[in-house]
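# Summary of structural features
So the chains spell out like this:
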Amino acid sequence: MSSLATVITVFRGGCEAVSEGRIVALRLVGRHAHRAQALAVGDRVSFDPERGVVVDVQPRRTQLARRRSRDPRTEQVIAANIDRLAIVATVADPVFHSETVDRFALAAFAGGLEAILVVNKIDLLGGKPISDEIRAYEEVFEVYPTSALVGTGVEELGERLRDSITVFGGHSGVGKSSLLNALAPELRLETARVSAKTRRGRHTTTSATWIQLPGGAVVVDTPGVSDIASGPVDPALLDHVYPDIARAAQECRFRNCRHGAEPDCAVRAAVEAEQLRPSRLDSYRRLVAELEQSPG
Ligand SMILES: Nc1nc2c(ncn2[C@@H]2O[C@H](COP(=O)(O)OP(=O)(O)OP(=O)(O)O)[C@@H](O)[C@H]2O)c(=O)[nH]1
Ligand SMILES: [Mg+2]
Ligand SMILES: [Zn+2]
């Protein structure tokens, strides 16, 4: 007889999983033990309760993966079977980095997740409006301005996460754990100040953590990553990450224009006419170049 469980923590040789409200510790044996990355947080496994071992891992419905920087040919699955990625960014401290947002969006779409953008630390604006650069993302996904510090927007975000599984991703120090603490103060997740010297976070969260919020939401907190380059993906997904570029590109002379040096490129023209931010095209071209180079 085997039972079903959801993996909530992965460690070398095994995992912790929840089965019918109980936490069980399971070992990986046999063929599973020899796979480089047999398990990720969120995996559904069948297990043998008597021996305490994983019998089988079910096919993943969705996954958020990133290329390993050490070995770009392999992917690390950050979490499996989640519904959405909340890309957490900031209005300041650390500075808003649009290319990171784009990379996370691509990784989410590639893995079958929906994505939302959470723009945290709006208290640092001191009442000034959110920049046009950030507002422009409303064309790509829902944008949730928040302040984990003073509580702005936290309730709205909590509503959105209800009855579903969300993974929080973003640079170290943007406030992922702080937001979760604001959503459920009893969590008391560890958080840390952004370093004054490097203006970066300190990588306070060290592994993907499965968190059950009151009210039926599950959130996976993840360690901040400096980049989330993904493996080879369907280039059509880029149109979802860059709908503004896709729209302008309909007027390019060449169907397969890459908006570089090609003649009659409508995307470059849009940048020159200040209808499109140069940083959008820069980000797009870097991502495309990377995808073309990626082994695969
Ligand atoms: N002013 C302000 N500071 C915040 C806000 N949210 C978080 N912080 C601060 O930002 C710092 C980093 O917050 P964390 O929650 O540890 O960030 P994290 O994204 O979990 O970082 P890692 O775990 O390293 O990936 C802490 O000093 C927080 O107190 C906010 O809304 N406003
Ligand atoms: Mg954290
Ligand atoms: Zn073009």
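Just so it is clear, the model here is predicted, and its values are computed rather than measured.

### Observations regarding the pattern of salt bridges
Tallied over the entire structure, the rule returns 15 salt bridges. The partner of Glu114 in a salt bridge is Arg160, and the shortest N-O contact between them spans 3.3 Å. On the criterion of sequence distance, the pair formed by Glu114 in strand 9 (residues 114-120) and Arg160 in helix 3 (residues 154-161) is long-range, its members being 46 residues apart. A salt bridge links Arg160 to Glu142, with the shortest nitrogen-to-oxygen separation between them at 2.6 Å. With a gap of 18 residues between them, Arg160 in helix 3 and Glu142 in the loop between helix 2 (132-135) and strand 10 (143-145) connect regions that are remote in the sequence.

### Overview of the environment of Leu237
Along the chain, the position of Leu237 falls in the loop between strand 13 (217-221) and helix 5 (238-241). Sequence separation between Leu237 and Leu106 is 131 residues; the distance between their C-alpha atoms is 7.0 Å. Residues in contact with Leu237, not counting those within four places in the same chain, are Leu106, Phe109 and Ala110.

### Section: the pairing of strand 12 (residues 209-213)
Relative to strand 13, strand 12 runs antiparallel, the two sharing five bridges. Each residue of the ladder has a partner; that of Trp210, found in strand 13, is Val220. Hairpin geometry of strand 12 and strand 13 is characterised by an intervening segment of three residues between the two adjacent antiparallel strands and by a positive phi of about 90 degrees at Gly215.

### Topic: the pairing of strand 1 (residues 3-11)
The pairing of strand 1 with strand 4 (residues 44-48) spans four bridges and is antiparallel. Looking at strand 4, one finds that Ala5 is bridged to Val45. Where strand 1 meets strand 2 (residues 14-19), five bridges bridge the pair, whose relative direction is antiparallel. Bridge pairing links Val10 to Cys15 in strand 2. The antiparallel hairpin formed by strand 1 and strand 2 contains two residues in its connecting segment, where Gly13 sits at a positive phi of about 85 degrees.

### A word on the packing of helix 1 (residues 98-110) against helix 8 (residues 278-293)
Contact pair helix 1 / helix 8: the axes reach a minimum separation of 10 Å and the direction vectors enclose 45 degrees. Judged on the interaxial angle alone, helix 8 and helix 1 are oblique. The element helix 1 and its partner helix 8 pack so that their crossing is right-handed. Side by side, helix 1 and helix 8 meet where Glu99, Asp102, Arg103 and Leu106 of the first sit next to Arg280, Ser283, Arg286, Leu287, Glu290 and Leu291 of the second. Each residue belonging to the contact of helix 1 with helix 8 can be placed in one class, and the counts come to three nonpolar, one polar and six charged.

### Points about the coordination of the zinc ion (ligand 3)
Only Cys252 (SG), Cys257 (SG), His259 (ND1) and Cys265 (SG) from the protein coordinate the zinc ion (ligand 3), and they sit 2.1 to 2.4 Å from it. In this structure, the zinc ion (ligand 3) is surrounded by four donor atoms whose angles at the metal cover 103 to 116 degrees, and the resulting shape is tetrahedral. Mapped onto the sequence, the residues coordinating the zinc ion (ligand 3) show the spacing C-x4-C-x1-H-x5-C. A relative accessible area of 7% means that Cys257 is categorised as buried.

### Focus: unusual backbone geometry
Only a minority of non-glycine residues have a phi that is not negative, and only a minority of peptide bonds are not trans. Here the bond from Asp93 into Pro94 is cis, since omega is 0 degrees, no more than 30 degrees from zero. One non-glycine residue with positive phi stands out, namely Asn81, at about 60 degrees. Relative to the elements of secondary structure, Asn81 occurs in the loop between strand 7 (75-80) and strand 8 (84-90). A relative accessible area of 8% places Asn81 in the buried class.

### A closer look at the side chain of Lys121
Residue position: Lys121 is located in the loop between strand 9 and helix 2. No salt bridge is formed by the buried Lys121. Its closest oppositely charged neighbour is Asp93, at 4.3 Å. Polar contacts involving the side chain of Lys121 include one to the main-chain carbonyl oxygen of Gly173, which spans 2.8 Å.

### A short note on the nonpolar core
With 57 residues, the main nonpolar core has Ile87, Leu117, Phe141 and Val267 as its most contacted residues. Sorting elements by how many residues they give to this core places helix 1 first, with seven residues. Structurally, this core is a two-domain feature, drawing no fewer than three residues from each of domain 2 (64-221) and domain 3 (235-293). Residues within four places of Val267 in sequence aside, it is in contact with Ile245, Ala248, Ala249, Cys252, His259, Leu276 and Leu281.

### A few points about helix 4 (residues 176-183)
In terms of burial, helix 4 is a largely internal element, six of the eight residues being buried. Within the span of helix 4, buried status applies to Lys176, Ser177, Leu179, Leu180, Asn181 and Leu183. Its buried side turned inward, helix 4 meets strand 8, strand 9, helix 3, strand 11 (165-169), strand 12 and strand 13.

Cut-off values and rules
- Residues numbered from 1 in each chain as written.
- Chains lettered and ligands numbered in written order.
- Predicted model: local features only at pLDDT ≥ 70, side-chain atom pairs only at ≥ 80, totals over all residues.
- Heavy atoms only, no water.
- Salt bridge = Lys/Arg side-chain N within 4 Å of Asp/Glu carboxyl O.
- Helix = DSSP H or I, 4+ residues; strand = E, 2+ residues; numbered from the N terminus.
- Contact = heavy atoms within 4.5 Å.
- Pairing = 2+ DSSP bridges.
- Axes fitted to C-alpha atoms, helices over the stretch in contact; angles between N-to-C directions.
- Parallel < 35°, antiparallel > 145°, perpendicular 65-115°, else oblique.
- Left-handed = near helix turned anticlockwise from the far one by under 90°.
- Nonpolar A, V, L, I, M, F, W, Y, C, P; charged D, E, K, R; others polar.
- Donors = N, O, S within 2.8 Å, 3.2 Å for Na, K, Ca; no water.
- Tetrahedral: all angles 85-135°; square planar, octahedral: opposite > 155°, others 65-115°.
- Buried < 20%, exposed > 50% of the residue type's maximum accessible area, 1.4 Å probe, protein only.
- Lys, Arg positive; Asp, Glu negative; His and termini not counted.
- Polar contact = N/O pair within 3.5 Å; in protein donor to acceptor, adjacent residues only side chain to side chain.
- Core = buried A, V, L, I, M, F, W, Y, C linked by side-chain atoms within 4.5 Å.
- Domains from an automatic or database assignment.

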